[in-house]
Each structure stands twice: as C-alpha cells, then as structure tokens.
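# Observations on chain architecture
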There are 6 protein chains.
Amino acid sequence: MSDPFFHPVSGFDLPRFAGVPTFMRLPHVTLDDPRLKDVQVGLIGVPWDSGTTNRPGPRHGPRQLRDMSTMIRAQNGATGVRPFEIVNCADLGDVPPNPADIIDSMTRITSFYDKVVAAGITPLTAGGDHLSSLPILRALARSGPLGMIHFDSHTDLFKDYFGGTQYTHGTPFRRAIEEGLLDPKRVVQIGIRGTAYDSEDREFADAVGVRIIPIEEFHARSPQDVMSEAREIVGTAPTYVSYDIDFVDPAFAPGTGTPEVGGPNSYEALMVARLLNGVDIVGADLVEVSPPFDSSGATAFLGVSIIFEMLCNIAAGIYPE
Amino acid sequence: MSDPFFHPVSGFDLPRFAGVPTFMRLPHVTLDDPRLKDVQVGLIGVPWDSGTTNRPGPRHGPRQLRDMSTMIRAQNGATGVRPFEIVNCADLGDVPPNPADIIDSMTRITSFYDKVVAAGITPLTAGGDHLSSLPILRALARSGPLGMIHFDSHTDLFKDYFGGTQYTHGTPFRRAIEEGLLDPKRVVQIGIRGTAYDSEDREFADAVGVRIIPIEEFHARSPQDVMSEAREIVGTAPTYVSYDIDFVDPAFAPGTGTPEVGGPNSYEALMVARLLNGVDIVGADLVEVSPPFDSSGATAFLGVSIIFEMLCNIAAGIYPE
Amino acid sequence: MSDPFFHPVSGFDLPRFAGVPTFMRLPHVTLDDPRLKDVQVGLIGVPWDSGTTNRPGPRHGPRQLRDMSTMIRAQNGATGVRPFEIVNCADLGDVPPNPADIIDSMTRITSFYDKVVAAGITPLTAGGDHLSSLPILRALARSGPLGMIHFDSHTDLFKDYFGGTQYTHGTPFRRAIEEGLLDPKRVVQIGIRGTAYDSEDREFADAVGVRIIPIEEFHARSPQDVMSEAREIVGTAPTYVSYDIDFVDPAFAPGTGTPEVGGPNSYEALMVARLLNGVDIVGADLVEVSPPFDSSGATAFLGVSIIFEMLCNIAAGIYPE
Amino acid sequence: MSDPFFHPVSGFDLPRFAGVPTFMRLPHVTLDDPRLKDVQVGLIGVPWDSGTTNRPGPRHGPRQLRDMSTMIRAQNGATGVRPFEIVNCADLGDVPPNPADIIDSMTRITSFYDKVVAAGITPLTAGGDHLSSLPILRALARSGPLGMIHFDSHTDLFKDYFGGTQYTHGTPFRRAIEEGLLDPKRVVQIGIRGTAYDSEDREFADAVGVRIIPIEEFHARSPQDVMSEAREIVGTAPTYVSYDIDFVDPAFAPGTGTPEVGGPNSYEALMVARLLNGVDIVGADLVEVSPPFDSSGATAFLGVSIIFEMLCNIAAGIYPE
Amino acid sequence: MSDPFFHPVSGFDLPRFAGVPTFMRLPHVTLDDPRLKDVQVGLIGVPWDSGTTNRPGPRHGPRQLRDMSTMIRAQNGATGVRPFEIVNCADLGDVPPNPADIIDSMTRITSFYDKVVAAGITPLTAGGDHLSSLPILRALARSGPLGMIHFDSHTDLFKDYFGGTQYTHGTPFRRAIEEGLLDPKRVVQIGIRGTAYDSEDREFADAVGVRIIPIEEFHARSPQDVMSEAREIVGTAPTYVSYDIDFVDPAFAPGTGTPEVGGPNSYEALMVARLLNGVDIVGADLVEVSPPFDSSGATAFLGVSIIFEMLCNIAAGIYPE
Amino acid sequence: MSDPFFHPVSGFDLPRFAGVPTFMRLPHVTLDDPRLKDVQVGLIGVPWDSGTTNRPGPRHGPRQLRDMSTMIRAQNGATGVRPFEIVNCADLGDVPPNPADIIDSMTRITSFYDKVVAAGITPLTAGGDHLSSLPILRALARSGPLGMIHFDSHTDLFKDYFGGTQYTHGTPFRRAIEEGLLDPKRVVQIGIRGTAYDSEDREFADAVGVRIIPIEEFHARSPQDVMSEAREIVGTAPTYVSYDIDFVDPAFAPGTGTPEVGGPNSYEALMVARLLNGVDIVGADLVEVSPPFDSSGATAFLGVSIIFEMLCNIAAGIYPE
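Residues numbered from 1 in each chain as written. Chains lettered and ligands numbered in written order. Predicted model: local features only at pLDDT ≥ 70, side-chain atom pairs only at ≥ 80, totals over all residues. Heavy atoms only, no water.

Our focus in this paragraph is the relation of the copies chain C and chain F. Note: a rotation about an axis with an accompanying shift along it relates these two copies of the chain. Between chain C and chain F, which share one sequence, the superposing operator has a rotation angle of 120° and an axial displacement of 0.0 Å; the RMSD is 0.0 Å. On this basis, the relationship between the two copies can be described by a three-fold rotation axis. The rotation axis passes nearest to the C-alpha of A251(C) in chain C, at a distance of 3.4 Å. (Least-squares fit on C-alpha atoms with pLDDT ≥ 70 in both.)

Below, the structure is given as structure tokens:
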C-alpha cells in the first residue's frame, strides 16, 4: 500500500486544467529531497533532442507530456489496476541537458540516473529523442547487459551518420550493444517499417541475434501473439522497455520527427504496453514526442496513456498479487 | 413522399461552400413559423457547454456542424436511402442557452423541446456538451421512461463532482435514471474506456441494470454483433440514441474536450449508427464536438456523417418500406 | 535584498524548455507551506472562465502563462530592475475553481485571496476570465474601496446579461462599484473600443465618475501622456490594476475570447505597464488569455511580459530606492 | 427609422455563438422574398475565387465573414452610429457562382446585382476574389462611369496574364476602365506596395489619370490627410468603394492569397473606412479574405469590422442627419 | 542498372531538411535538357486545381509533395526493391498551367505529356486535382484505350455540373470513356463511398461495364483479395493507375478538398499500391493533395509514400527480375 | 546588365505556386557548376540550428524561405530597382551541415564560403540560427576585420552558456570579436530588448566599443535617423549585415525561437534594410526563421522581403548608377 503523500491530485478536487503540471499530478520530488528515499517509481523528463537527424522538437516533449498527463486518472479502465496505490510514484523533474554539447549531455543524463538507481527507484522516462536511451542504459546496466523490448518504426541500429558521427538518434542501440549494455539475444524490435537507406542495420541485427518483427508481420499476427513471443525472448531476466512514439501510425501520433506511415493504431499501441505484464522491467522510456509538430497535444496524450500502461505493469511487477 | 419545400439545396445548383449554412442545407423553420406543423424531423442545435469539467468548446459545435453539413448530399451511399424524400426535415435553429446559468439553461432547453414534441417532430440534436441530453430527455420522456443506446468512452453516470455538484457532463444519465426518464434495464453503453477515477459509476450501472460494453469487448466482437445485442436490449419500445463523439478514437475526432485513445475508427463509427435500423428512435443527439480543438472541422464532418446515418434510420422508421 | 530561495532558475543552468513550469521559474509555495510567511509577492493562477459570454478558454490561461513565463529572465531590459532580487516572489499555485458553479467558485477565490492578504502578500494574478477580478477585489478591498487602473477594450460595466444574469465577464466592475469595492472616482479605463450593444455602460460610468479613455483618444495622445493622467486619477491611495489582454490589438494577442481590432501594439502594451511606476499597487491581474485560440502561445508570452513589467513596479513600490 | 423586422439579433438575447449565422445576424431575405422591396442596404456574398493567380481560398470568404460577423454589435463605438436603426439592412444570401466557368460566373454575378439595383438596394459585398468587383460594377455603372476609392496593396490594373488571359484578380479595374464602368480621373488607389513584375500597370494609371498613393506616401501622411484627398478626388458624384483585405499588413490580416508586408495596421484599416463619410457610396466590397490561410478567423473578423464601418457611412449617407 | 547521375541524394550525406527539394531528391531534368533521353521514369508535378467544385488547394500539391518526398529513402522496407538503382528516375518539373483558363490548361498538360511519351518516359504524376488525369490520358492513350485501376472515394464519372459544365474534378473519367481513352471493361474503381447526389454515375458505370468496389466490400474482403480481382480486370494490357488521396480515410489524409469518412487506413493505402505488382503500368498519378487543409504535410507524406510504392512497381515492371 | 540566364522565372509565365522552388526562382548553380564563375551574388542556405538554446527549428528555414521567395517579383516597388537585371544572381544551394556535430558543421560552413569568396561572389545567406554567422565571418574576414550592422533583439555577445559552452546562438559575435573577424568600433546593434540574464554582454559591448541602440531609442527616433547613424558607424569600409528575424515584433514574425515582444513592425523592418544604401556590403544574412513555429510561412515571407531589400542594395553597390 502506497503512502498517501504520493497520491496524485484528483480531478474531482482540482479540475484537470488547474495546478502546476507535474507528471500524472504526482508530487515533485527532486534528487536532494528527503522524500526521495521513499519513492519506488520515478517519472523523469529528458528534455533533449541533440541526436535528431531530421526534424528537432523532442526537447519540448517532457513539458507537454506533463501537461497532457493531467488528464490521466487513478485507475486503469481495462485492468482495474490502481498503480499509485500500489507503489510510491513521484515526478523527479528533468535532467538538465546541455543543448549545445552532446557528450556533456550524455554524461549529465547517466549521472542523474546513477543517483536514481542508487536510490532504488525504477525510472520511467519521458524523452527526449531516442539517443536519450543510451546514457540511461549506461546507468541501468552497470550489473550486466539487459534485455530489451523495443517498439519503433526504426531499428536505431545504424553504424554512424554524416561521415562517421557516432551519436545520433539512429545509433543508440548499436552503441549499447557494442558497449555491452544490452544482450542482443534478448532484444526484440517491433513495428519496423518505412523506406530504408540500406540493410546495414538489419544485417547487424541478424549477425548479433536481435529479433526484428517488421510491421507486415505485426499486422498479420495479433498483438497478443507478438507480445507473447516478445516476453519469451526477454524471459525473466532484467529488461528495459523502449517505446518510440513513431511506432504508432502518424495519424494517431503526428507529433514526431521521423514518422513512418502504415503503423499500428492507438488501440494496438496501448495493447502492446499492457501486454508487458510479467516482464521484469528495470526501466522504461517513451521517446520522440515532438510538440512543435503537434501543437494540439494529441501525440503527448497518447504518449502518457502508454506511459500509464507501462507504469501499471511496473507497479504490478514490484508487488505482484 | 416529402414536400419539395423541405428538400436540401443541391451542390449541383449552389456550390457546397456557398449560401447561409443550415443543417444539411435544409430550410430554416423557427418554432413560430407556420411551416413548423409540416416538419417531421427537426435538426436542432444546443450551443451550450456549461457542463464541461475539462476543456470547454462544444458551445461552438452547432455552428461548425452546420458548416460542415453542407458537404452532405441527398443519398446514403451504402444503403441508397434518400431521407429528405421520405420525411420533411428542417433546421429548427438553436436553443438559446444562458451561458452563465446552468439551471436556467436546462429550463430553456426542456421548454424548447416541449414545443418540438408538441408539434409531433422527432428531434435530432447537435450539441453541446453531454449535459444537454438531460433537459432534452425531460421533454421526451413525459410519457414514461425511455430506453437508450449510448455511444461514448465514458458512462456519464457519476454521482457528483467538485464536492457535490449535481449537473455536469459527467452526470446526466445518473440524473436521468434517478428522475425516471430512462429505464436502466433498457440502457446500453458502448465503447467505455480510458482511465477512471474509481468504479463508482460502473457499480451504479451494475446495481440498476445498465449494460456496459467496454471497448475491449467492442474490439473483440464485430459492430454487427454488438449492435445486435444493443437492439435486443432496447427492444421495440421508444428509445433515445445518444452519441458522444468521443466514442470515436481521437485520431478521427480530435475536436472534443475529454478524448480517450484506443477507440473505434470512422468506419466503425458510421456502422454502429447505420445498425440502429429497426429501433424506435424518438430522439437522438450527437454531442461534445468542440471546434476550438479542431479548427479544420474534421471532427464536425465525421459528426454530421454520423447524424446523417441516424437520420436515415429515423426516416426509415417513420415510413418503413 | 531577497532570499536566494526565492530566486528563479536561470536559463544558463537549466535550459528554458526544461523543468516543471512554475510562474517565472519561481519556487512553488502552497498556502500551507511554512515558507509562505516569507513571500512578499505571490503569483497566483485563477483557471476559471465560467463568466465568458462568447468564446470560452481562459480556464487554460494559467497553465500556458506558466509555460511561456519560463522565457522571462531576471532583469528588465529597459529599466534594469531585477525584481526577484528586491522582493521574495513565489508561485502560490492555482485557486481551485468549481467549473460548474459560479457562486461557489467566487467564494473559493475570495477565500483564497483572504489568506494571501492575511499573509501580507501582494497578489499578482494570471486569469481566468475577467469575472475573476470581482472575487479578488472582495478580498483586497476589505479596508475600503480601491482605485483602479483598467486596461481593456470593454468597460465590463454592464448591468446584466441574458435577462437578468448578474455575474458574467461583462459585469465585474459594475458589481464591484455597487459593492463598494472600488471608488469610481478613482477608476480609469483605458483602450475602450469596438462595437457596442448600447451606451448603458458608458452612461453608468459617467454617472458615477469613472474616467473612460477610448482608443481614439489613446492613439491621439502618447502612452506617457495617458498614463500620467491615469496615475493622477488614482493618486497615492491603494490601487488595483486590471489588465485584460484584449486591450492589445488581436494581431499581437489573438488568444482571447472577445477581441476588438484597432488596439495598441505590443510596445505600447508594455509601456503602459511600465508607466505604472509610483502607483501604490495592492494587487494586479492579467486576464482573458485563452489558449485554445492561440495554440502557439504568442498571447501568453505577451501576457507574461506584461506581468513582468507589473511585477517590476510592484517590487520597486515595496522597496523604493 | 428602420423597421424592427430588420434589426439584428442581440447578444444579450441569443449568445453570439448561437444561431444560423447570417451577416451581422440580420434577417435572410432572398431575391424572391416579398420583404425585398423594403431592404435599403443588402449584404451579399460572392463565394468565388476563379480569378486568383496565386493561392486560392476566397470562395470560402462569405461563410467565414458571416460567422465572425456575429461578433459585431449594434452601435459604432467610435461614432455612436447605429446603422440598423437608420436603414433596413438584410442578408441577401450568396450569388451562385459556377466554380468551373469564369465567364458564366461573371454573368451570374451581374445578373444578381441587376436585380439588387432594380430593387433600389445599395449592395455591400463580401467576396470573393477581386475579380468579383468587375461583374458587380457592370450592374452598378449602367447609368454611367463611377468614381472609386480603392484600398489595396496592388493596382489590379494589369493588362493580362499567362499569355493573354483577360480575366484574373489582377485585371478587374483595367477592364472596368476599358469598359467605361469607372471614370479613371475619379479613381484613387491607396496602399500600393510590394515587389512588382514591371511598371506597366502604373504607366497605364498615369496615362488615364488614376491617382495612386503608394504605401510610403500613406505612412508619411496621416490617414486623415490621405482620405481627405481621396474624398476630393471622387467628389460628390456616385462612387464605388473596393477594399481588398491585403491593403492591411498581413500580421493583422494573414488570411489572404497575395499578401504584401509593410502595410497599415488594423487601426488605420478601420480609420480609412470611417473616413469615407460624405462620399456618395453606391456600392462597396470587401474582398480577398481567404479562410484556408487563417483558420482562426482573425482576418474575417477584421474584415467584418471594416464592413461595419462602411455600412455606417452608407447608412448615414442615405439619411444624413 | 541505373546511371549514378540519377541516384537521389542520401540523407547520410545531406540531411533530409537541406537542399533544393526535388521529387525524392532526384536530379531536376527539364524537357529541353540533353539528359532527358536517358530518363526512364519521370516524376511530374501538375500544380492545378481549376476543376475543384468544393475546396480548392491541390495547385499547391506538387510543391508540398516534393518537400515531404525528401524523407523517402532509397529502399522499400517491405520488399527490398531499390527503384533508383533499377531505372533512371528524374524530376521533370511542373507543367505550367493557366489558372484562369481550364481549356488552355488542359492543352498545356497534354502537350507536356506528349513530349514525355515521345521521349519514352513513363510518367508518374503528382497532382493537382483529379481533372488533371483527363489531359494526361489524352497523351497516354494515343495508341488505343487503356485499362485503369482507380483508387478513390468518388467515381468521378458524373455527366456534368452546375447546369452543363463538362470539365470538373467530378467528370474526368466520364469524358475519358466518351473520348475512347479508357476501355470501361478494363476499369475498376476501389473504395467508393460517402453520400451521393444520386446514382447517375453508378448507372453509367453499370451500363458501360466499369467495375465498382464500394468501401463496404473493400472492408469485408482483404486488400489482397480486392487487388487480385483488380489485376485480373486490367489483365496484361497497358493500364493507367489513378490514385486520389481521398481514397484514404481523412484521419490519415486530412489535406484534401472533398473527404469522405470511413475509408482505408494508411497501411491498407500502401498495400493496395504495393499489390499493383505485375500490372503493365504506362502511367500513374497521385492527386487531390491539398496543402491548405493540412499545413503539417502529413497528407503529402502519405502521398509520397504511396508514390514510392507505385514507383517500385513501375521500376520492377520495366526490368522484371 | 545581367545575363538573361540568371533572370528569375516570371509569375506571368509560370504561376508562383508552380516549379521547383529555388531562391527568388533563380537558377540553381552548384559550386562545381561551370556557370559559377559568372555569378555575382549568391543566395545560400545554411540549414542548421545546433546553436539554439531554446526552441529549435531554423534548420528548416532555408527550405521555407525558398518556398515563400517564389512570391517575390522582379522589381522593388518602392525604389524601382530591378536587381536581377543589374547583377547575375543565383541560388548556390545549401551548405551540408552535420546536425550532430557543431565543430564539424562550422568547418563545413567556412569551407563552403571560402569557395564562394574565391569565386568573387557576394554571399547573401538564409539561415539557420545565429551561430551560422560566425563560420561565415571566418571566411569573409580573411583580409581583416569587418564592420557590422546587426539587427536583433539580442546582442549575441554572451561569454558562454551552460557552464562554459563556447558556441551557441547567443555567443557568435563575442567569438567573432575575440577572433578579430569584426572591428568592434565599427559594429552597431539595433533593436536590443527583452528581459536579460544580466548585463555582462552589454558591459562587454561598452568595453570594446560596440554601439547598442536599444528598442526604446529606436522607437523614439525614426528608422531614417537610426540608419543614418549606423551608416556613419560602419563608414565606407567593408561591412557585414546580420539580420536576425527576431528583431521584428513577433506579431509580424512569429516563426522564431526566442521572440521578444515590443519590436518594430514590418514596415520598419523593410525600411531599415532599404536604408542600407551606400554601405559596402561584403555579405549579409537573414537568420533564425523557424518554420515549426509558423507553419503558415508568414515569417518566411517577411524574411524574403527583407532579403530582397538587402539584395537591391548589394546590387546597387556593385554597379552604382
């Protein structure tokens, strides 16, 4: 049973449009707050997009995700789970990036997550572009390589860009595998699609044992079937979940920098997150929400709805019934 | 056979973007117009949103629905029904609400619909927020409780808000059941989803016999199957149809104040309305279209397409073949 | 010299797009926070728009104003004033309104401001529609009627609406004068323009001694000259400042519900606030920012720029050099 | 004193967002309505843009102008004129254009205005692109060439386009002068600016005696001074007023197809229309409002504010005090 | 193997947002360029919308399609086809239309395509409204009537508009059949839906042998099944492919002038184009993308994704493996 | 007299919305094109925004500026200058930046401009964020420090950001002065305003002799007077002109990342560029246009209008009458 201090403000008390917007209307607990030690799941923003190679914007993601998250209520309508009553959740604020220095920013992010891990908190991240996942994994995988369930339209396994540049949002998992942060045999990528430069990324995946489920296969099978395989791939060992909002079709998630048409709808987008049940999630992220390309906030609202589904599974994983 | 006076202007004569926009380009017949006695189906606007607890805007709904309705033509492409040739349809204008007084507005709405009912006209309403349905039901249910087929992502069965407030767009059907306007055993709610404050509304539904078909069940069954059950629940007795546009997924209907992701697509949205055939519809509404959140009018266009499907069934019900 | 606890976060440390957005990046101090006693100027949101008679939306104003206020820095570029170093400023959060009950909401607002006044804090309000000013004045004028400098395109002095409704955003100052909260002879209204229903409001103003400076006169004179007269009208006694963003031309402030063309530009909008120097400001508001009609936030950015100018004058008034 | 039948609906009775939107909320009187004979000033829509050479859209102008015109009230705030009490005004509906045939459309427009003129009604037109003025002038100038005060950023005096095409929105007044509909010596064009293909249009103007006041001269003089000259040029003989919304700077009127930066602000835009007092206006238009390029309606609202100023002068001209 | 001169610029070398935007980042080869003789597939823009009867805008289509096409990469992610390595592709620029003269524009279009055909180039057109297809077919069908696979929500088989007007975007294929450009027995129309004026178009289709697959049938069958029938209908003889973007549901393709709800999603939209494999495509178009109704470019991005699928099939048809 | 090869396409021949969009519809001449040697003024895009510290987007500037530049015609309406007939102008394409490496990007930019300078071409740049000016100056100032007329709301003279970061869009001219690229005594900054972190930048300016004309002084004097002083400061020696679009008030130029309210209007924005006459301009830029914050393109249209004014002065400077 969670501490009432960590319960979100209810829309029956304070209308959803009112109040300083924290994630899910949770208390804001900074890293130097004495209450930090009681937090079990921490929602963290990474307002950073220096890794984008096409259209920037995800640096504005955490703020809009916080704003739209005020429309999330306490109970999962489908499963009945009430995560905030199971575990102590808090908004840990944003990592302070350096928008003009990629290496410095990655150091800052890893350093922030090191403290989160040290405090025994499971981090649930709102990005930021997909490069954010790399410095997060550096903090989370200190005890050994993790498995990963990865929802995306791109593999993000490219070798480099622009004549040798190592760090972009198209390369994080290539680096993570090279650095031993991920166990490629326990990595599954779901929803891959769109036009491609070449097949270099897929050849790498094949070579190291990453399982790719392209969108054609996804549409041909059911979410249940696909997720059953995914759960089997990662097994019961510690696993990271990385959810790029461009996994979803751009009609449902227009606010992103590198959309690919032909993706899942919003119901499937929720279902795959709900079907993470039973996975040992040591951290998760929802990245690439780009508010300048969706001023209405529809993408962010879908994003926080997905985050809530992941949160329900993280909470249920901490205190299984 | 309808009176040609009540036929809409054709886009072959006057381009669709031209002319003073009435609903479906029908004649504007006010309540004191001598032609009122010939009207069989009246399209009515309720430009009112004082019941919204989150994002306002539906007060602007009727105007945008009128505007987009000029793109509706005379014949149902799927069924071939030509409603304007079957019954006399007219735009009865808008109910004049009092935007700064909820109780006064409800009185005005009921009074307006009392006159419509007295004239023997079946009302087809363009809202307005969902609280609008309550004062309408007060006029329509004077001879006894009605059945209701209700499309929505929310039950709108809550007890109260903000410490005891009785009238919001989250409470109309709780009030309607309490007031004896609806027979709960002949009420079915389809598409319910999203996060929830608690289960108080669903427990009430269970207690009084309202049938809830959540979205997971909807997606697992076919629209045909679901609507077959719905028609059985309401049977052949008088029935009201209430269609909240947030039943539809926000990718298809972004212009609404309390969206919930994971809903039906536009084809399913049309199908369920088409499958109202055979129901004894004594009135219907399409509510919660909020133009400030969809300046393009896409939501309103879907809304009027749904209204047209309902109109075809109302017309076919008045003069069954 | 202010307490460093109350200094805003700098954009050199945390980029402006990062962090939980409070007003001006100040600390969030709730009414039950022990630090409340140290606050001298409190920024307060009133997320409420039940008084709007035309297009709603200002309930969303405080959140967007907070968001855009993260682009405000520490020093007034024109005057060199650094308000956060002069006085202790804090974000006191939002008043919790009841969106479905006008009378209840007004009671809640007055009650909130009573506590602020009791704590010796000068309130600087981000609305909300203009009816918000009435319950605020009820708290601020407990020691006697105040003077008021009022920037607006409308007088908001109407008797009633919709057949006798007393409380709308067109009537607050009629009520405030009737209730003895304002001394009409110390009230000046600047920028009045647009089409009118009739002259009833202006006749009332003339009868009680309110000075109206219509936009034609404003454009013919300089801001300096107009503000010189305004300062003379209110004199050295306690004065409220009410700034309706629709004072400004809609090209500069599109996000508002009842715009009137032909208004001042943004430079004049800032200048009149800067020229409040020397006025004994006991409270001020910036109202009618309506985000649904300006998703880009340009109106809110102008709004917080004006709030900052007012804040500089309030700070300089508390500790005059 | 006007007939109360022709008074607009008040916002105190029916909120401005409610009701079927006619121009200024006036009664809709079609050309075959028996009340036509009582109309003195007719507001007419010309939903047509086949003459646009750049970005289309003005075909949607009349509908949006009607919509935004519901925010216009009964009295001129600056002059106190109440036009609807002086003369009988009505919305005469839209001319039915043929969007796929320019010549046919011009015939239809002239024919419509012939009937309006025959009924003794002064037409006040909401366009439509600027080519609309030509077929209107054909109906209005049957008794001899008219003078014209023309507000625009372009002269619209070009010889032809695209290798000889005679009828575009860049040529109407060249044609009108050639056809003897305008007396070039009584024509003044105000606000001309922007880059130019060449000087052919200005050379024609010089040759026939049209007076061009470029924007540099406009900004150097006052609106009062410029309009004083304009009134002198047209004198007391019958005069047409043509107001292209692109006369105004695009910050104030973004919704138009061929904007030119550096224009007048909205206050000047109103002033020049207000300063038409004393001119014998036999007809006027406000053209080139293009809703697809301004979904917020700001341009249309400025447009109807200008139309209202013109209407006040027309009314005052019919019954001078 | 294609000539490297005709390879598109890679996003690894020049970021996708950089450079003068040609279709797919291909070289711009004008009709008088000596390299024209080496081109095998030519991408051509027809910036023209004089045939629109409702909302204009497709004249802006080619530019936005070029812009968004810079996000298309070299390889089909699903099939692995690399079209630019199979055949020499180029951007042939835009046909210069006459926006104020329909007949002249059609002449110009046919003349342009005559030259393209004469150079042995297969044209792949980015419209433009659907009337564009008629003058293109006049050039392509000089050797005899073609078959056609037509994706659309409308039949575009109407007799005439507005009292006899022959050429609008609702009539091109009626004219094409009358002129002997299409063999109606080898024409299939897929996705037809929406309200209808009457059944005149469908009766014509039945009379001449055009096969219509309405949306209800499309949704009941699979894309594979439908396309299998389509391929059978056109057989192995020369065939034109015409793809109206309003075939797709407006949630996925909002930027079009005459949307109809209830259509296919983006995955189905791609699939039907991918399933054109084996058809002898002598030309293809993607029409009715209207940027003013989708400033984000989402519709154009879907459009170019579809064009790319068609291009892959054209390339594979020229050099079958 | 210029070579007709370098004349832009006329809107009388090809409508402005048609064709592959190059700057001003000029020929696209790449650095390896044999025609390069004939170019006198080169329009160059720098699609790069890695220096932005707040809201990114200027990487998309060059494309939108090219698009909107198609609305620029051949002749300056105010001065009659026809620049394309005086000098040979061409679109030299975009510099290829490396969006994930600031230092590499600066090297690429300087290298590109070195070639331009070597070819004897005067570069006129469309940015890009303001950091772009630094690597450009490195190429242009190889023969000694330049003077600079700088229009902006910020000084861009800051020492560093985020704890020592040297290269952001807030530091280029500090670096340029340190590197000896600019002669601070021949530098004037016009329009400075907005809130400030501190006065460190202004103290540096004072110390080295940079003349700052804050917005208050600008509004108090006339553009003529201010520009007269500016021309005097730079004198007759070689001078760079750097124009940040945020110099202009955000109502006129909303599409920028760090707007400041209270700026000049569009007429003044044009005038100051027109009043550069007589200055020996060796290069100029227009930077910080950010399309994601202005999807309508209004900012870009103002931007290209300003570029055209600068071009007229550059042309007139090359061949003075």
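Spatially, chain A and chain D are disjoint, and the shortest separation between their C-alpha atoms is 14 Å. The two partners chain C and chain E share no contact, and the minimum distance between any of their C-alpha atoms is 14 Å. (Contact = heavy atoms within 4.5 Å.)

Moving on, we get to the pairing of strand β5 (residues 182-192) of chain F. All names here are of chain F. Most of β5 sits out of view: nine of its eleven residues are buried. Pairing analysis gives five bridges linking strand β4 (residues 146-151) to β5, with the strands arranged parallel. Residue L146 lies in a different strand from β5, and its bridge partner there is L182. Sheet analysis places β5 next to strand β6 (residues 211-214), joined by four bridges and oriented parallel. Its bridge partner being in β6, V188 is matched across the sheet by R211. In this region the chain leaves β5, passes through helix α6 (residues 200-208) and returns to the parallel neighbour β6; the handedness of that crossover is right-handed. (Buried < 20%, exposed > 50% of the residue type's maximum accessible area, 1.4 Å probe, protein only. Helix = DSSP H or I, 4+ residues; strand = E, 2+ residues; numbered from the N terminus. Pairing = 2+ DSSP bridges. Right-handed = clockwise from strand over helix to strand, strands pointing away.)

In this section: the interface of chain E and chain B. Each partner contributes to the interface: chain E provides 29 residues, whereas chain B provides 26 residues. In total, chain E and chain B occlude about 2,200 Å² of area from one another, counting both sides; carbon and sulfur atoms represent 59% of this. For chain E, the biggest contributors to the area lost against chain B are T195(E), Y197(E) and V261(E); these three give 32% of the whole. A salt bridge links R73(B) to E260(E); its shortest N-O distance comes to 3.1 Å. Taken together, chain E and chain B are joined by eleven residue pairs in polar contact (both at pLDDT 80 or more). Looking at the side of chain E that touches chain B element by element, the count peaks at three residues for helix α7 (residues 215-220) of chain E. (Buried area = accessible area lost by both parts, 1.4 Å probe. Salt bridge = Lys/Arg side-chain N within 4 Å of Asp/Glu carboxyl O. Polar contact = N/O pair within 3.5 Å; in protein donor to acceptor, adjacent residues only side chain to side chain.)

When the charged atoms of two side chains lie near each other, side chains of opposite charge can form a pair. Counted by the stated rule, this structure contains 138 salt bridges over all chains. A salt bridge links R66(A) to D91(A), with the nearest nitrogen and oxygen atoms 2.7 Å apart. Separated by 25 residues along the polypeptide, R66(A) in helix α1 (residues 61-69) and D91(A) in strand β2 (residues 89-94) bring together distant segments of the chain. Both residues of the pair, R66(A) and D91(A), belong to the buried class. Note that R35(E) and D3(E) form a salt bridge whose closest N and O atoms lie 2.7 Å from each other.

Our focus in this paragraph is the packing of aromatic side chains. Summed over the entire model, instances satisfying the criterion amount to 84 aromatic pairs over all chains. Ring geometry for F158(E) versus Y161(E): centroids 6.2 Å apart, planes at 85°, classification edge-to-face. Like Y161(E), F158(E) is buried. Cluster of aromatic residues (ring-pair linked, three or more members): F12(A), F158(B), Y161(B), F162(B) and Y197(B). Sitting over the ring of F5(A), R35(A) keeps its end group 4.0 Å from the ring centre. When the ring centre of F204(E) is taken as reference, the NZ or CZ atom of R174(E) above it lies at 4.0 Å. (Phe/Tyr/Trp six-rings, centres within 6.5 Å; stacked < 30°, edge-to-face > 60°. Lys NZ or Arg CZ within 6 Å of the ring centre and 35° of its normal.)

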